[in-house]
Amino acid sequence: MGIGDHHHWHSSSYVDDWIDGATSHDEQRRPVLHQAARLLPFAAEAPVRVLDLGSGYGEFSAQVLGLFPRASVCLADYSVPMLERAKQRLVGFGDRVEFRVCDLRDPAWTTQVGGVFDAVVSSLTIHNLGEPVAIRRAFVDVAGLLCPGGCFFDLDLVLDARFAPATSALGELYARGAPSHHFGPDTDEHHHELDPNVVVPTLEDHLCWLREAGFVEVDCVWKQFSEVFLCGFRSS
Ligand SMILES: C[S@@+](CC[C@H](N)C(=O)[O-])C[C@H]1O[C@@H](n2cnc3c(N)ncnc32)[C@H](O)[C@@H]1O
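Residues numbered from 1 in each chain as written. Predicted model: local features only at pLDDT ≥ 70, side-chain atom pairs only at ≥ 80, totals over all residues.

## A closer look at the overall build of the protein chain
Next, step 1: From N to C terminus, the protein chain includes nine helices and seven strands.
Next, step 2: Within the protein chain, the proportion of its 236 residues that are buried is 39%.
Next, step 3: By sequence separation, contacts in the protein chain at least 24 residues apart represent 69% of the contacts at least 6 residues apart. (Helix = DSSP H or I, 4+ residues; strand = E, 2+ residues; numbered from the N terminus. Buried ≥ 20, exposed ≤ 12 C-beta atoms within 10 Å, placed from the backbone. Contact = placed C-beta atoms within 7 Å.)

Here it is as structure tokens:
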């Protein structure tokens, strides 16, 4: 089993259960998504176009739409049940939202969403792609969809020291660390189900791949255990 492989995103009942779990953590995850959306480098009234990758039921999109009243958001996800839930949830935003069913592992996805975008945001999705080669490819694809100066905000999970030997100082520290659950219900699930032989990218891998993809300013601006908020900016 690889990281993310235990999900069944095409199953309506699985998606309903996942959303129930996610919304039960709203108190923790909403402020993180809100804060990330607030950091988008746009004037309040800017008519920007944003892509939410692996949007799920649309929580990150809702934060962007609420903060930037003239923004429009394209929600992209390969799960039809997730996008159905997002459509219901965001109905009040009218034609400021559009929905695209696409698989980020399929090279055609970039044409399916139709660029360009001022920003691409994503939460808890990229690690689902599993293989490092797929993540690197996705970063290149995202860079290609952004306008000059555009940014990519990626809130996700990376390999952490829980994979270090339990006897190591960091492995022991992570074992003692409380579950954080800022981003969603499955944050810690990975660590119990992951095959120790699977290759899971580290934070350093992610930062390096963002630079390789063409982002000129790259950073991890927030990290708590395995949860990270990565930023990449294209040159203007
Ligand atoms: C953990 S959920 C996160 C949903 C949402 N971003 C949030 O934070 O609430 C991961 C999402 O990524 C989507 N996803 C996973 N792999 C995908 C792929 N290869 N292409 C498109 N979407 C994918 C799933 O369908 C699911 O909606």
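Having seen it, we continue.
## A closer look at the sheet that holds strand β6 (residues 217-224)
Next, step 1: What the seven strands build is an open sheet, ordered β3-β2-β1-β4-β5-β7-β6; its pairing is mixed. Each end of this open sheet is capped by a strand with a single partner; those strands are β3 (97-101) and β6. Each adjacent strand pair in this sheet contributes to an overall mean axis angle of 15°, direction not counted.
Next, step 2: In terms of strand pairing, strand β4 (residues 117-123) meets strand β5 (residues 146-157) through six bridges, oriented parallel. Looking at the pairing, Ser122 lines up with Asp154 of β5. (Pairing = 2+ DSSP bridges. Axes fitted to C-alpha atoms, helices over the stretch in contact; angles between N-to-C directions.)

## Considerations on the site of the ligand
Next, step 1: Neighbouring the ligand are 20 residues, the closest being Trp9, Gly54, Gly56, Ser79 and Ser123.
Next, step 2: By residue class, the composition of the shell around the ligand is eight nonpolar, eight polar and four charged. (Near = placed C-beta within 6 Å. Nonpolar A, V, L, I, M, F, W, Y, C, P; charged D, E, K, R; others polar.)

## A few points about the packing of helix α2 (residues 26-38) against helix α3 (residues 59-67)
Next, step 1: At a minimum axis distance of 9 Å, the contact between α2 and α3 shows a crossing angle of 45°. Taken together, the axis directions place α2 and α3 in an arrangement best described as oblique. Crossing handedness for the pair α2 and α3: right-handed. Judged by residue contacts, Leu33, His34, Ala37 and Arg38 of α2 engage Glu59, Phe60, Gln63, Val64 and Leu67 from α3. (Parallel < 35°, antiparallel > 145°, perpendicular 65-115°, else oblique. Left-handed = near helix turned anticlockwise from the far one by under 90°.)

## Points about unusual backbone geometry
Next, step 1: Residue Val116 is bonded to the preceding Gly115 through a cis peptide linkage, with omega at 0°.
Next, step 2: Residue placement: Val116 occurs in the loop between α5 (109-113) and β4.
Next, step 3: Look at Leu124: it is not a glycine, yet its phi comes out positive at around 60°.
Next, step 4: Of note in this structure, Phe225 is not a glycine but carries a positive phi near 50°.
Next, step 5: Tracing the backbone shows Phe225 in the loop between β6 and β7 (227-233).

## A closer look at the pairing of β7
Next, step 1: For β7, the buried fraction is high: five of the seven residues fall into the buried class.
Next, step 2: The pairing of β5 with β7 spans seven bridges and is antiparallel. Each bridged residue has a counterpart across the sheet, and for Leu155 the counterpart in β7 is Phe229.
Next, step 3: One ladder, built from seven bridges, connects β6 with β7; its direction is antiparallel. Each bridged residue has a counterpart across the sheet, and for Gln224 the counterpart in β7 is Glu227.
Next, step 4: Where β6 folds back onto β7 in an antiparallel hairpin, the turn is made up of two residues, including Phe225, whose phi is positive at roughly 50°.

## Looking at the environment of Trp9
Next, step 1: Secondary-structure assignment places Trp9 in the segment before α1 (12-23).
Next, step 2: You can call Trp9 partly exposed: it has 18 C-beta atoms within 10 Å.
Next, step 3: Once the C-alpha coordinates of Trp9 and Met82 are considered, the two residues, 73 residues apart in sequence, prove to be 7.6 Å apart.
Next, step 4: Contacts of Trp9, omitting those with residues within four sequence positions, involve Val15, Tyr78, Ser79 and Met82.

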